Amino acid sequence: MTNRTAPKPSDSEPFDFNLDAVESEVELRPFRVHFNGRRWEFAHMEGLDIWDLVEPAEGGEVRAMIGVFKAALGDDFDDFRKVKFPQYKMKALFTAYRKHCGLEPGESEASGI
């Protein structure tokens with residue numbers, strides 16, 4: 001039996017799907033929070049790089065939330081991490097952030113895929 005493979009088309013040839021043309025269906029407005037006397041700005045969840053979220057998501061719910069916060073806060077995460085942060089506030093923040101981003105309780109980011 002012979003393996004037959006089609007030659008790999010060049011990038012200038014027609015394609016089946018143009019991912020470069022895909023745009024967000026929602027406004028990617030940041031989520032702004034006042035906490036510990038300062039303003040924190042979280043990037044919209046839909047705009048986060050999925051590759052930054054995969055590994056934390058494998059570590060359970062709390063690690064997943066922290067992974068999302070780290071990705072959403074970017075360079076401000078280290079300062080955010082220095083603030084005492086009780087679990088009840090983390091849960092309230094994550095619930096409000098998900099609502100801002102249009103995700104219902106219990107719905108994951110990947111559910112739309």
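Summarised in this report is the structure supplied together with it. Note that this is a predicted model, so its numbers are computed, not measured.

## Describing the overall build of the protein
Of the regular secondary structure elements, the protein holds four helices and two strands. For the protein, the sequential pattern of α-helices and β-strands runs β-β-α-α-α-α. Taken over the C-alpha trace, the protein has a radius of gyration of 19 Å; the compact-globule value for 113 residues is 13 Å, which it surpasses by more than 25%. Dimensions of the protein along its principal axes, counting C-alpha atoms only, are 65 × 30 × 25 Å.

## Brief notes about the nonpolar core
Within the largest apolar cluster, 22 residues are counted, with the highest numbers of intra-cluster contacts made by Phe42, Met45, Phe69 and Tyr97. Those elements that place two or more of their residues in this core are β1 (31–35), β2 (38–42), α2 (61–73), α3 (77–81) and α4 (87–100). The residues contacting Tyr97, other than those within four sequence positions of it, are Phe31, Phe42, Ala43, His44, Met45, Leu48, Val68, Phe69 and Ala72.

## Here's the deal with a nonpolar patch on the surface
On the surface, Phe17, Leu19 and Val22 cluster together into a nonpolar patch covering about 350 Å² of accessible area. As for its position among the elements, Phe17 is in the segment before β1. Judged by its relative accessible area of 60%, Phe17 is exposed.

## As for the pattern of salt bridges
Inspection of every chain in the model, using the stated rule, returns four salt bridges. Put simply, Glu41 and Arg32 hold a salt bridge, and the shortest N to O gap is 3.0 Å. Across the salt bridge formed by Lys82 and Asp79, the nearest N and O atoms sit 3.8 Å from each other. When its relative accessible area of 34% is taken as the criterion, Asp79 is described as partly exposed.

## Notes on α4
Taking 1.5 Å of rise per residue, 14 residues should cover 20 Å, and α4 covers 20 Å from first to last C-alpha, within 8% of that figure. Listed in full, the buried residues belonging to α4 are Met90, Leu93, Phe94, Tyr97 and Arg98. Within α4, the buried residues cover an arc of 130 degrees as seen down the axis, which keeps them to one side. Facing away from the buried side of α4 by more than 90 degrees, the exposed set consists of Tyr88, Thr95 and Lys99. Looking at the buried side of α4, the elements it contacts are β1, β2, α2 and α3. The positive-phi residue at the C-terminal boundary of α4 is Gly102, with phi of around 85 degrees.

## Some details on α2
Along its 13 residues, α2 runs 18 Å from first to last C-alpha, staying within 8% of the 18 Å computed at 1.5 Å per residue. Listed in full, the buried residues belonging to α2 are Met65, Gly67, Val68, Phe69, Ala72 and Leu73. Buried residues belonging to α2 abut β2, α1 (51–57), α3 and α4. Gly74 sits one or two positions beyond α2 and adopts a positive phi of about 60 degrees.

Criteria and thresholds
Residues numbered from 1 in each chain as written. Predicted model: local features only at pLDDT ≥ 70, side-chain atom pairs only at ≥ 80, totals over all residues. Heavy atoms only, no water. Helix = DSSP H or I, 4+ residues; strand = E, 2+ residues; numbered from the N terminus. Rg over C-alpha atoms; globule rule 2.2 N^0.38 Å. Core = buried A, V, L, I, M, F, W, Y, C linked by side-chain atoms within 4.5 Å. Buried < 20%, exposed > 50% of the residue type's maximum accessible area, 1.4 Å probe, protein only. Contact = heavy atoms within 4.5 Å. Patch = residues over 30% accessible without salt bridge, like charges linked within 9 Å, V, L, I, M, F, W, Y side chains within 5 Å. Areas by Shrake-Rupley, 256 points an atom, 1.4 Å probe, with all protein chains shown as cover. Salt bridge = Lys/Arg side-chain N within 4 Å of Asp/Glu carboxyl O. Expected span 1.5 Å × (residues − 1). Arc of directions from axis to C-beta.

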